[in-house]
Amino acid sequence: MSWKAFIEKQKTAATIFTHALRKNELSHAYILEGPKGTGKREMAQLLAQTLFCENRKGTEPCHECRNCRRVLSGNHPDIVWVKKEEDATLIKKEQITYLIKEFAYRSVESQMKLFIIEDADLMSSQAANSLLKFIEEPHQNTVALLLTEHIHQLLDTIISRCQVLTFSALSRKNLEEKLIEQGISKPLATLSSSLTNRYDEAISYCKDEWFANARLLVIQLVQKLLNSTQAGLSTMYEHVAPHFKDQKQWDIALDLLLFWYRDMMSIHLDRLGEVVYCDKLDELKSQTLQKSLQHIADDMAYILKAKRQLLLHVNGLSVMEELIVKLQGEA
Ligand SMILES: [Zn+2]
């Protein structure tokens, strides 16, 4: 990752860092906060590479020199990276004491020292108090990065001594790209990033067999609904209903159904780039030919109404029954 690429994804944080790097005016402590999967760890790594790179060009590190590689492998002597130990529930006081001791020595190789605390909200209260004492005293040429998904769980006294950089949730496109980078197929990546803007949630959908099957069942249902076979209800009873057990799962079913109709609308409006069921484009196109824009809009309104009924705790199955009769009547 480069700063240039980060400016598109996390504009505020990347701009603040590149500006400070250019002017050589980094603050002593930063909090990088925001949802999981938004690039906090990657940006901390990039800052570390930038600070120690042997062939830095402007603000961009080379990613290839010995120092850049040592940052990536976690072996740079002037960087202390603290995170919760595997079987512990909190970051312990000893880990912070170790960090403070490391900083009492002069930097080993360069003028600069960097410490990074991952999941800083998991510091025990003793650990947090030790850290507070440490960042209260000025240390020359040190930069502290605290990474957290839950900033409100940090001590106010720590927050007030740091510059807070907020990482925003990824856009749908960015989240989709990130999932594809992780080896997720495009149809699943597009679908799950339409359901949520949280990376952790999206990736767990993608890895969940239930979700992949839910997608196939909704496609099967919609084929019956849109091919005027009047077989919507029987398909729903035989195949769909056994798969969706509670309100949350039915709500996902309705979203998956809604995306199909929204795709037809996107095709009507010639916005192919917005199609979620991208692997079903031919089928979607031929179905779209059979429906007017007004019909599709009406169908979407029925689905949205069904979602509201679910919220009011109407039983999922009866919501679906009513919806299918309506959608089929429209076909
Ligand atoms: Zn380098």
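No experiment lies behind these values; they were computed from the predicted model shown.

Another point: the packing of aromatic side chains. Aromatic rings considered in pairs are described by the distance between their centres and by the relative angle of their planes. All chains considered together, the criterion is met by seven aromatic pairs. Summarising the aromatic geometry, the rings of Trp-3 and Phe-17 are spaced 5.9 Å apart at their centres and angled 55° between planes, so their arrangement reads as tilted. Within this pair, whereas Trp-3 is found in helix α1 (residues 3–9), its partner Phe-17 is found in helix α2 (residues 11–23), the two being separated by 14 residues in sequence. For Trp-3, a relative accessible area of 1% translates into the label buried. An aromatic cluster is defined as three or more aromatic residues linked by ring pairs; in this entry it consists of Trp-3, Phe-17 and Tyr-30. Cation over ring: Lys-178 sits above Tyr-199, and NZ or CZ is 4.9 Å from the ring centre.

Let's shift gears to the domain arrangement of the protein chain. Frequently, the measure chosen for interface size is the accessible area removed from exposure when the parts meet. Domain parsing of the protein chain yields domain 1 (3–168) and domain 2 (208–330). Here the C-alpha centroids of domain 1 and domain 2 sit 46 Å apart.

A few words on the packing of helix α9 (residues 186–195) against helix α13 (residues 247–268). Two numbers describe how α9 lies on α13: the axes approach to 11 Å, and their chain directions differ by 110°. With respect to each other, α9 and α13 are oriented roughly perpendicular. Two packed elements cross with a definite hand, and for α9 against α13 that hand is right-handed. Across the interface between the two elements, Leu-191, Ser-194 and Leu-195 from α9 touch Ile-252, Asp-255, Leu-256, Phe-259 and Arg-262 from α13. Of the residues belonging to the contact of α9 with α13, the class tally is five nonpolar, one polar and two charged.

What follows covers the environment of His-19. Looking at the element boundaries, His-19 is found in helix α2. C-alpha of His-19 to C-alpha of Thr-59: the two residues are 40 residues apart in sequence and 8.9 Å apart in space.

Further remarks concern the side chain of Thr-288. With respect to the secondary-structure elements, Thr-288 resides in helix α14 (residues 281–289). In this structure the side chain of Thr-288 is engaged in a polar contact, spanning 2.6 Å, whose partner is the backbone oxygen of Leu-284. With residues near it in sequence (within four places) discarded, Thr-288 still touches Met-264, Ile-267, His-268 and Ile-296.

Here we come to the nonpolar core. Ranked by internal contacts, the top residues of the largest apolar core, which has 53 residues, are Leu-179, Phe-244, Trp-250, Leu-256, Tyr-261 and Tyr-277. Secondary-structure elements contributing two or more residues to this core are α8 (172–181), α9, α10 (199–206), α11 (209–226), α12 (232–240), α13, α15 (293–311) and α16 (316–330). Contact partners of Phe-244, with chain neighbours within four places excluded, come to Trp-210, Ala-214, Leu-217, Val-218, Gln-249, Trp-250 and Ala-253. Judged by nonpolar contacts, the second largest core, of 27 residues, contains Ala-48, Met-112, Val-143 and Leu-147.

Cut-off values and rules
- Residues numbered from 1 in each chain as written.
- Predicted model: local features only at pLDDT ≥ 70, side-chain atom pairs only at ≥ 80, totals over all residues.
- Heavy atoms only, no water.
- Phe/Tyr/Trp six-rings, centres within 6.5 Å; stacked < 30°, edge-to-face > 60°.
- Helix = DSSP H or I, 4+ residues; strand = E, 2+ residues; numbered from the N terminus.
- Buried < 20%, exposed > 50% of the residue type's maximum accessible area, 1.4 Å probe, protein only.
- Lys NZ or Arg CZ within 6 Å of the ring centre and 35° of its normal.
- Domains from an automatic or database assignment.
- Axes fitted to C-alpha atoms, helices over the stretch in contact; angles between N-to-C directions.
- Parallel < 35°, antiparallel > 145°, perpendicular 65-115°, else oblique.
- Left-handed = near helix turned anticlockwise from the far one by under 90°.
- Contact = heavy atoms within 4.5 Å.
- Nonpolar A, V, L, I, M, F, W, Y, C, P; charged D, E, K, R; others polar.
- Polar contact = N/O pair within 3.5 Å; in protein donor to acceptor, adjacent residues only side chain to side chain.
- Core = buried A, V, L, I, M, F, W, Y, C linked by side-chain atoms within 4.5 Å.

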